[in-house]
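The lines below spell out each chain.
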Amino acid sequence: MISRPSIRRIRPVKAAAVFAALALAACTGQPGTPVAPGSYPPNTPLGGTCKAGFYTCQLPTATPLGAPCSCPGLGAASYGRVYLK
């Protein structure tokens, strides 16, 4: 008799959560209020990361710290603030 190694089954909900996290890992966020480069005062601290609740994403351009931004989420975008990288 040949014995088969036990294969651990992954629950569908857990598998979907892992897939969603991996799919959103490389997403690009959007600045909430687009600010043209050079239109903010000199020496304004800039950031490139949007932290929106559960989601964290990179912004395509440097944006003033604390400005509103959004990260794509499952079903709807999540809104947050710009932080340093």
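Before reading further, recall that the structure is shown in the block above.
Residues numbered from 1 in each chain as written. Predicted model: local features only at pLDDT ≥ 70, side-chain atom pairs only at ≥ 80, totals over all residues. Heavy atoms only, no water.

Is there a simple way to think about the sheet that holds strand 3 (residues 55-64) in this case?
Sheet strands associate in pairs through backbone hydrogen bonding, adopting either a parallel or an antiparallel arrangement. Spatial strand order, 1-4-5-2-3: 5 strands in an open sheet with antiparallel pairing. Each edge of the open sheet is held by one strand with a lone partner, namely strand 1 (30-31) and strand 3. Note that strand 2 (residues 46-52) and strand 3 share 6 bridges and pair antiparallel. Paired with Cys50 across the strands is Cys57, a residue of strand 3. (Pairing = 2+ DSSP bridges. Helix = DSSP H or I, 4+ residues; strand = E, 2+ residues; numbered from the N terminus.)

Looking at this structure, how should I read the state of the cysteines?
Applying the stated rule across the entire model yields 2 disulfides. Residue Cys50 pairs covalently with Cys69 via a disulfide, S to S 2.0 Å. One disulfide, between Cys50 and Cys69, carries an S-S torsion of 90° and so falls in the right-handed class. Here Cys50 is found in strand 2, whereas its partner Cys69 is found in strand 4 (residues 68-71), with 19 residues between them in sequence. The class of Cys50 is buried, set by a relative accessible area of 0%. When the bonded cysteines of the chain are counted from the start of the sequence, the pairing works out to 1-3, 2-4. (Disulfide = S-S within 2.5 Å. Buried < 20%, exposed > 50% of the residue type's maximum accessible area, 1.4 Å probe, protein only.)

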